[in-house]
Amino acid sequence: MTLGDRPMAKKIVADFETTFLLDAGAGTGKTQLLVNRLLAILRSGRSSLNRIAVITFTEKAAEELRLRTRKELESIQQRSASETERLILQDALSYLNRALITTIHSFCATMLRERAIELGVDPDFKILNELEARLIRDSLWEEWINAPSDANTILLE
């Protein structure tokens, strides 16, 4: 059974007053549910795409969200009977390539770069890939393990 088949899915798509945390396995319909909620918000006129952040964990998921959103926006716009809704959807389509549909890492990097100077962060920092992060983590772990025991105690305090 997919999430779309469940009664809670209707609430997630239609209840804009509630924040939801969705935890479900692969292939259960999380992406489609998120697209449906995003479209419902846009169609209602409650918000516009330039005021919404859609954040996920992987680049693949972010791209899938963007592609499905485009497909659904185009489909709904063609079927819409309301001129107002068609304009809202056209606006969303024209903004979609700039929309904040991204990973948590990219979102945080954007926020850090916007405030880099006041945070004392090099604005040209880069996000490590998994291999780079693991190598640094392993190196730091080895350094910590091999440090004199009094150094380990200081680190833990």
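In what follows, the structure referred to is the one given above.
Quick summary incoming for the structure in this document.

Reading the values: the criteria
Residues numbered from 1 in each chain as written. Predicted model: local features only at pLDDT ≥ 70, side-chain atom pairs only at ≥ 80, totals over all residues. Heavy atoms only, no water. Helix = DSSP H or I, 4+ residues; strand = E, 2+ residues; numbered from the N terminus. Contact = heavy atoms within 4.5 Å. 1 Å grid on protein atoms, 1.4 Å probe; cavity = no way out; pocket = protein on both sides within 12 Å on 5 of 7 lines; lining within 4 Å. Points joined across faces, edges and corners; volume = space filled by probe spheres on them. Nonpolar A, V, L, I, M, F, W, Y, C, P; charged D, E, K, R; others polar. Axes fitted to C-alpha atoms, helices over the stretch in contact; angles between N-to-C directions. Parallel < 35°, antiparallel > 145°, perpendicular 65-115°, else oblique. Left-handed = near helix turned anticlockwise from the far one by under 90°.

If you trace the backbone, Thr-56 turns up in strand β1 (residues 53-56). In this view, Thr-56 contacts Ala-61, Ala-62, Leu-65, Thr-102, Thr-103 and Ile-104; residues no more than four positions away in its chain are not counted.

A separate point is the layout of surface pockets. Considering only enclosed or pocket space, the largest pocket measures out at about 1,000 Å³ in volume. Looking at the largest pocket, it is lined by 31 residues, and the ones nearest its centre are Phe-20, Leu-22, Leu-34, Val-54 and Ile-55. Taken together, the elements giving at least two residues each to the lining of the largest pocket come down to α2 (30-44), β1 and α3 (59-79). Among the elements that make up the lining of the largest pocket, the one with the highest residue count is α2 (seven residues). The residue inventory of the lining of the largest pocket, partitioned by class, reads 18 nonpolar, eight polar and five charged. Surrounding the second largest pocket, Phe-57, Thr-58, Glu-59, Thr-103, His-105, Ser-106, Ile-127, Leu-128, Asn-129, Glu-130 and Ala-133 form its lining. For the lining of the second largest pocket, the residue count by class is four nonpolar, five polar and two charged.

It is worth spelling out the packing of α3 against helix α4 (residues 83-95) at this point. It is at 9 Å that the axes of α3 and α4 come closest, and there the two elements cross at 155 degrees. In terms of axis orientation, α3 runs roughly antiparallel to α4. Relative to α4, the crossing made by α3 is left-handed. Contact with α3, carried on its side by Arg-70, Leu-73, Glu-74, Ile-76 and Gln-77, involves Glu-85, Arg-86, Leu-89, Gln-90, Ala-92 and Leu-93 of α4 and no other residues of that element. Tallied by class, the residues present in the contact of α3 with α4 amount to five nonpolar, two polar and four charged.

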